[in-house]
Amino acid sequence: METPATFVDVLRSQAWRLPDLEIYRFLGDGEGITASITCAGLDRRAREIGAELQQRFPPGTRLLLMVPPGLDGIAAFFGALCAAMVPVPLFTPSDAASLARTQKIAADASAAAILTTGELAATLAKGSLHVIVADAITTSALLW
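Residues numbered from 1 in each chain as written. Predicted model: local features only at pLDDT ≥ 70, side-chain atom pairs only at ≥ 80, totals over all residues. Heavy atoms only, no water.

Honestly, the environment of L63 in this entry has me stumped. Any pointers?
Among the structural elements, L63 can be located in strand β3 (residues 62-66). Those residues in contact with L63, other than ones at most four positions away along the chain, are L53, F57, A80, M85, V86, P87, V88 and A113. (Helix = DSSP H or I, 4+ residues; strand = E, 2+ residues; numbered from the N terminus. Contact = heavy atoms within 4.5 Å.)

Explain unusual backbone geometry here, please?
The phi torsion of most residues other than glycine is negative, and most of the peptide bonds are trans. Unusually for a residue other than glycine, A84 sits at a positive phi of about 60 degrees. Topologically, A84 is positioned in the loop between α3 (71-82) and β4 (86-89). A84 sits in the partly exposed class, given a relative accessible area of 42%. Within the chain, S110 stands out as a residue other than glycine whose phi angle is a positive 55 degrees. Along the chain, S110 turns up in the loop between α4 (96-109) and β5 (113-116). (Buried < 20%, exposed > 50% of the residue type's maximum accessible area, 1.4 Å probe, protein only.)

In this structure, what is going on with the pattern of salt bridges? I would like to understand it.
For side chains of opposite charge, pairing can occur when their charged atoms come near one another. On inspection of all chains with the given rule, the structure shows 7 salt bridges. E48 serves as the salt-bridge partner of R45, at 2.7 Å between the closest nitrogen and oxygen. Of this pair, R45 and E48 are both found in helix α2 (residues 39-56), 3 residues apart, which corresponds to roughly one turn of the helix. Each member of the pair, R45 together with E48, is buried. Here R56 and E52 are joined by a salt bridge, their closest N and O atoms 3.0 Å apart. Taken together, the residues R56 and E52, both in helix α2 and 4 residues apart, mark about one turn of the helix. Given the relative accessible area of 17%, E52 is considered buried. Sharing partners across several salt bridges, the network here consists of R12, D43 and R47. (Salt bridge = Lys/Arg side-chain N within 4 Å of Asp/Glu carboxyl O.)

Don't take any of this as a statement about function, it's just geometry.
The following block contains the structure:
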């Protein structure tokens, strides 16, 4: 068996070998499991996000990843990797000052867009970057 070369290769391999294995659990309150996702579920979600990103941007594009803690962030991260893009994870801005810092980071990183959730999209749409709402992506044109 060939050794996986990337995180995406590892995810694809695990999704094929152990599709029902819980690969991530989110402890919303720090103790109890509030959400989980299987290898196959994460693989499918990452490929959906990746397919959408590939339709919009070329490989190597830098994307700010601004998703609250949880499984959406993991899927968005892997989705960017599936699309051969560079995710730049950031904390979500909480006030005008942190939003200004985010815009500076975006410029420094030469980011083309912000990958976020619908909950945060309105706040982030005030800047000059494209805002992509990851949790609204439901494409059936999967990668691979």
